[in-house]
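A structural walkthrough
Chain by chain, the residues run as shown.
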Amino acid sequence: MNVVFAVKQYISKMIEDSGPGMKVLLMDKETTGIVSMVYTQSEILQKEVYLFERIDSQNREIMKHLKAICFLRPTKENVNYLIQELRRPKYSIYFIYFSNVISKSDVKSLAEADEQEVVAEVQEFYGDYIAVNPHLFSLNILGCCQGRNWDPVQLSRATQGLTALLLSLKKCPMIRYQLSSEAAKRLAECVKQVITKEYELFEFRRTEVPPLLLILDRCDDAITPLLNQWTYQAMVHELLGINNNRIDLSRVPGISKDLREVVLSAENDEFYANNMYLNFAEIGSNIKNLMEDFQKKKPKEQQKLESIADMKAFVENYPQFKKMSGTVSKHVTVVGELSRLVSERNLLEVSEVEQELACQNDHSSALQNVKRLLQSPKVTEFDAARLVMLYALHYERHSSNSLPGLMMDLRNKGVSEKYRKLVSTVVEYGGKRVRGSDLFSPKDAVAITKQFLKGLKGVENVYTQHQPFLHETLDHLIKGKLKENLYPYLGPSTLRDRPQDIIVFIIGGATYEEALTVYNLNRTTPGVRIVLGGTTVHNTKSQECGVLGFSGGAVVKNPPANAGDTGSSPGPGRSHMLRNS
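What this report covers is the structure whose coordinates are included nearby. From a predicted model like this one, the values you see are computed outputs, not experimental measurements. (Residues numbered from 1 in each chain as written. Predicted model: local features only at pLDDT ≥ 70, side-chain atom pairs only at ≥ 80, totals over all residues. Heavy atoms only, no water.)

A few words now on the sheet that holds strand E18 (residues 574-576). Strand-to-strand pairing in sheets goes through backbone hydrogen bonds, with the strands running parallel or antiparallel. Strand order across the open sheet formed by 6 strands is E2-E1-E3-E4-E5-E18, with mixed pairing between neighbours. Looking along the sheet, the strands with just one partner apiece sit at the ends: strand E2 (49-54) and E18. Strand-to-strand twist of the sheet, defined as the mean angle between neighbouring strand axes without regard to direction, takes the value 20 degrees. Taken together, the 6 bridges between strand E3 (residues 67-72) and strand E4 (residues 93-98) define a ladder with parallel strand orientation. Of the residues in E4, the one forming a bridge with Ala68 is Tyr94. (Pairing = 2+ DSSP bridges. Helix = DSSP H or I, 4+ residues; strand = E, 2+ residues; numbered from the N terminus. Axes fitted to C-alpha atoms, helices over the stretch in contact; angles between N-to-C directions.)

As structure tokens, then:
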């Protein structure tokens, strides 16, 4: 199961089906992001797509020599834009692709508007999600719930995104959900309703072991999104923010104009693809090797171009050299900025205490270390509040809980009320009363022994001790030990065999640390394929926005995620006839 491949195949098929000739790709705000995650502009240009336009753009020129490929979400707004477009067509012929199921009444409205008979076809291609990495997808929704209940608009969007994902991967799954979350049960029911209603679309070849969809809620593990990260992709998102593969570097001191925004995509950046899951120390060493390799290949300034053959060789090699030059300067800039922020914000020391709060159970040591860091002038108000949030979640019911004292320390440090309020809000959001799981203490003798041995041996890297709760959940699921009283099946059927194809969806957002967990499980568990998705892909800042939305603050729209691993072609689309032939 590979979500990047699935979306890419859909877009390739749209372009191929429109035949030879010059084309315009007409998109909306969301499908623009969906396409940009899997294709570069230069790759699409090679397929005779010479123009990229938004359907809502008012001042598009009439270009009758172009064919139009329309890739749009099936919203009322987009259907109305299309109706206006078809009444006064700007292009010679239209190939219309909706990213999800379109109603018969909307198809009828389009047919009535197509008086000039410019529409060649109307199809559904189910690329209705952001494919971040092969095993990770996102819906770019932040603030999906009002309190513990779904915002109805976002519930509809999440249902559409999740059913589109299933159709694109050709999966008709059994569904399990987190019992402690009403939102998880509601989404499970909505997905099941769509599968039942559109049963013809979900009639895929039956596999021996049915696929499984597991729906979880972020509030069961509010710890993971609050931790600093030390692998490349996760660290970039935590410290700089990744938005549809784009990183804004405009605030980096002394940044050159051409590096103010850079793209990090494993699809067309070999260095990033090879290093996105490595830790920061390894990245530094690999950047050095990349630079040395670049220096060896760099054309000598004094290189004499004495013959036509010399010039030809230089011109042939130059595009590759230019591309390598761009890759080197981009990664050197990104890693340099990460390094500056780590030093400026004292993040090595901060992260060590975060890991202690997340993974150890020594209250007095944790309290002492948090108090010490709150006194440090290098620790920002953002990081200070984060440490107190982690303390509040872990030691919420400890007999020596010292939260009031830490809150006073935050006030004395000058931490703004906005951040101080988050401490109580995060406990309300993901505290012990809410969680269906016990995040902090090992539950059985095996787990206790493992923790004891880990303590004896020490840890290879104090900054990466933490494993997301998702790791334990998936481990139990794969071994057939995930408790049905905590994660029931929707409906009467249950899975007797060990699951093979697993789709996990986290309401409230997934994280790159969890994506790394899934990547490693896919690598090390033969016969098991896992894809992870979420309403968004979090870093600490976006998690705080989500928590604020939960508490009745502003609901915010958000940045993205990364995708998984399929191999086969995506699920077939569905065609609609606009008129009788």
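A word on the packing of aromatic side chains. In this structure the tally under the stated criterion is 12 aromatic pairs. When the ring of Tyr91 is compared with that of Tyr94, the centres are 5.9 Å apart and the planes differ by 55 degrees; the resulting orientation is tilted. When sorted by exposure, Tyr91 lands in the same class as Tyr94, which is buried. Pairing Trp230 with Phe280 gives two aromatic rings, centres 6.5 Å apart and planes at 55 degrees, and the pair type is tilted. Separated by 50 residues along the polypeptide, Trp230 in the loop between strand E11 (212-217) and helix H8 (232-239) and Phe280 in helix H10 (residues 280-297) bring together distant segments of the chain. On the accessibility criterion, Trp230 (7% relative accessible area) is buried. (Phe/Tyr/Trp six-rings, centres within 6.5 Å; stacked < 30°, edge-to-face > 60°. Buried < 20%, exposed > 50% of the residue type's maximum accessible area, 1.4 Å probe, protein only.)

Moving on: the pairing of strand E6 (residues 130-133). The sheet contact formed by E6 and strand E7 (residues 136-138) spans 3 bridges and is antiparallel. The residue bridging Ala131 from the neighbouring strand is Phe137, located in E7. Hairpin remark: E6 followed by E7, antiparallel, with 2 residues in the connecting loop.

The buried fraction of strand E1 (residues 23-27) amounts to 5 of the 5 residues, a majority that puts the element mostly inside the structure. Pairing geometry for E1 and E3, over 5 bridges, is parallel. Along E3, the bridge assignment pairs Lys23 with Lys67. Here E1 pairs with E2 via 5 bridges, running parallel. By the bridge assignment for E2, Leu25 is matched with Phe52.

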